[in-house]
Amino acid sequence: DSGVTQTPKHLITATGQRVTLRCSPRSGDLSVYWYQQSLDQGLQFLIQYYNGEERAKGNILERFSAQQFPDLHSELNLSSLELGDSALYFCASSVATSAGGPGSYNEQFFGPGTRLTVL
Amino acid sequence: DAKTTQPPSMDCAEGRAANLPCNHSTISGNEYVYWYRQIHSQGPQYIIHGLKNNETNEMASLIITEDRKSSTLILPHATLRDTAVYYCIVRVLMYSGGGADGLTFGKGTHLIIQP
């Protein structure tokens, strides 16, 4: 158990719909990352939030958006869903890195994922 | 981040050491080598990381060649539960207080432990 929780575990919806995936990071972690894993694209980084602010973007579609709330949980919103959006969506969290020297690192702890099926 | 090359699959007998290679010939001086694994559809799990010295923890050992162009992850006594996809990732650390950017996963090595 990584300490990262994700809900729901499974989600089945139809094309054109909108869904929200939720993630609670480990206690004390300020950074939250979202990843998508599909059969053809593998594991892809979508977006990162740090202490409520967007920090880095990866291959996130414009139809997708995310936010991190004051209690540090995060939500990934997927809209105008297409069949190709069917995938596993993982959330990860990491401790905030202070201005440390060599040897500091950001191990990311992954949640169990949400399996999204778009019919 | 530097590109990595890993064999798509490997077999290992239970109880033996599993040695997983990774080539990263374009690695820069400030890039670290990380290993994660993913057990069937579960979230990836951090294993170990290193810069240039060999590293060992309770899960594995990491051997990095002197020129840092390749590395080997060693699982000393593989068990059936070690069957997973293992990802070698090379990346720069970010010290700016906001944590690092997202990880770039390749296709990894599917390690199958045989009973």
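This text follows the structure it describes.
Just so we're clear, the structure is a prediction, and the values are computed from it rather than from any experiment.

**Some words on the overall build of chain A**
So, point 1. Counting its secondary structure elements, chain A contains 0 helices and 11 strands.
So, point 2. Ordered by position from the N terminus, the helices and strands of chain A form the series β-β-β-β-β-β-β-β-β-β-β.
So, point 3. Rg of the C-alpha trace for chain A: 14 Å, near the compact-globule value of 14 Å for 119 residues, within the 12% margin.
So, point 4. Out of the 119 residues in chain A, the part that is buried amounts to 50%.
So, point 5. In chain A, of all internal contacts separated by at least 6 residues, the share reaching a separation of at least 24 is 56%.
So, point 6. Total accessible area computed for chain A in this model is approximately 5,700 Å², and 49% of it derives from carbon and sulfur atoms.
So, point 7. Charge separation in chain A, taken as the distance between the mean sites of 8 positive and 11 negative side-chain charges, equals 3 Å.

**As for the nonpolar core**
Residue and element names in this part refer to chain A.
So, point 1. Counting 22 residues, the largest nonpolar core has Leu-21, Trp-34, Leu-76, Leu-78, Tyr-89 and Leu-116 as the members making the most contacts within it.
So, point 2. The set of elements that each furnish at least two residues to this core consists of β3 (19-24), β4 (31-38), β5 (42-50), β7 (64-68), β8 (74-78), β9 (87-94) and β11 (114-118).
So, point 3. Aside from chain neighbours lying at most four places away, what touches Leu-21 is Thr-7, Leu-11, Trp-34, Ser-74, Glu-75, Leu-76, Leu-78, Tyr-89 and Thr-114.

**Overview of the packing of aromatic side chains**
Given two aromatic rings, their pairing is described by the distance between the two centres and the angle made by the two planes.
So, point 1. With the rule as written, the count across this model stands at 9 aromatic pairs over all chains.
So, point 2. Centroid distance A:Phe110 to B:Tyr36: 6.1 Å. Interplanar angle 80 degrees. Geometry classified as edge-to-face. Separated into two different chains, A:Phe110 in strand β10 (residues 109-110) and B:Tyr36 in strand β3 (residues 31-38) make up a pair that spans both. As far as burial versus exposure is concerned, A:Phe110 and B:Tyr36 are alike and both buried.
So, point 3. Ring plane angle 75 degrees and centroid distance 5.7 Å describe the contact between B:Tyr36 and B:Tyr46, whose orientation is recorded as edge-to-face. In this pair, B:Tyr36 is assigned in strand β3 and B:Tyr46 in strand β4 (residues 45-50), connecting sequence segments 10 residues apart. B:Tyr46 matches B:Tyr36 in its accessibility class, with the two residues each being buried.
So, point 4. By the ring-pair criterion, three or more aromatic residues cluster together here, those being A:Tyr35, A:Phe45, A:Phe110, B:Tyr36, B:Tyr46, B:Tyr87 and B:Phe105.
So, point 5. When the ring centre of A:Phe109 is taken as origin, the NZ or CZ atom of A:Arg26, which lies over that ring, is 3.6 Å away.

**What to know about the state of the cysteines**
Residues and elements named next belong to chain A.
So, point 1. Inspection of the entire model under this criterion finds 2 disulfides over all chains.
So, point 2. Across the disulfide, Cys-23 is cross-linked to Cys-91 (sulfur-sulfur distance 1.7 Å). Residues Cys-23 and Cys-91 are joined through a disulfide that is left-handed, its torsion about the S-S bond being -50 degrees. Taken together, the residues Cys-23 in strand β3 and Cys-91 in strand β9 connect sequence positions 68 residues apart. Across this residue pair, the class does not change: Cys-23 and Cys-91 are buried.

**Thoughts on the pairing of β4(B)**
Residue and element names in this part refer to chain B.
So, point 1. Extensive coverage of β4 is indicated by the burial of 5 of its 6 residues.
So, point 2. Relative to β4, β3 runs antiparallel, the two sharing 5 bridges. For Tyr-34, the partnering residue across the bridge sits in β4 and is His-49.
So, point 3. Counting the residues in the hairpin turn of β3 and β4 gives 6 residues, including Ser-41, whose phi is positive at 65 degrees.

**Considering the side chain of B:Arg37**
Residues and elements named next belong to chain B.
So, point 1. By the element assignment, Arg-37 lies in strand β3.
So, point 2. Its relative accessible area of 10% is what places Arg-37 among the buried residues.
So, point 3. Here the side chain of Arg-37 touches Asp-82 through a polar contact of 2.8 Å, side chain to side chain.
So, point 4. Ignoring sequence-local partners within four residues, the contact set of Arg-37 consists of Gly-43, Pro-44, Gln-45, Ile-47, Met-59, Arg-81, Asp-82, Ala-84, Val-85 and Tyr-86.

**Digging into the sheet that holds strand β8 (residues 84-92) of chain B**
Residues and elements named next belong to chain B.
So, point 1. As summarised here, the arrangement of the 5 strands in space is β1-β9-β8-β3-β4, forming an open sheet in which the pairing is mixed. Of all strands in the sheet, those with a lone pairing partner are β1 (9-13) and β4, marking the two edges. Averaged over all neighbouring strand pairs, the angle between strand axes comes to 25 degrees, with direction disregarded.
So, point 2. Here 8 bridges tie β3 to β8, and the two strands are oriented antiparallel to one another. If you follow Tyr-34 over to β8, its bridge partner there is Ile-89.

Cut-offs used in this document
Residues numbered from 1 in each chain as written. Chains lettered and ligands numbered in written order. Predicted model: local features only at pLDDT ≥ 70, side-chain atom pairs only at ≥ 80, totals over all residues. Heavy atoms only, no water. Helix = DSSP H or I, 4+ residues; strand = E, 2+ residues; numbered from the N terminus. Rg over C-alpha atoms; globule rule 2.2 N^0.38 Å. Buried < 20%, exposed > 50% of the residue type's maximum accessible area, 1.4 Å probe, protein only. Contact = heavy atoms within 4.5 Å. Areas by Shrake-Rupley, 256 points an atom, 1.4 Å probe, with all protein chains shown as cover. Lys, Arg positive; Asp, Glu negative; His and termini not counted. Charge placed at Lys NZ, Arg CZ, Asp CG, Glu CD. Core = buried A, V, L, I, M, F, W, Y, C linked by side-chain atoms within 4.5 Å. Phe/Tyr/Trp six-rings, centres within 6.5 Å; stacked < 30°, edge-to-face > 60°. Lys NZ or Arg CZ within 6 Å of the ring centre and 35° of its normal. Disulfide = S-S within 2.5 Å. Pairing = 2+ DSSP bridges. Polar contact = N/O pair within 3.5 Å; in protein donor to acceptor, adjacent residues only side chain to side chain. Axes fitted to C-alpha atoms, helices over the stretch in contact; angles between N-to-C directions.

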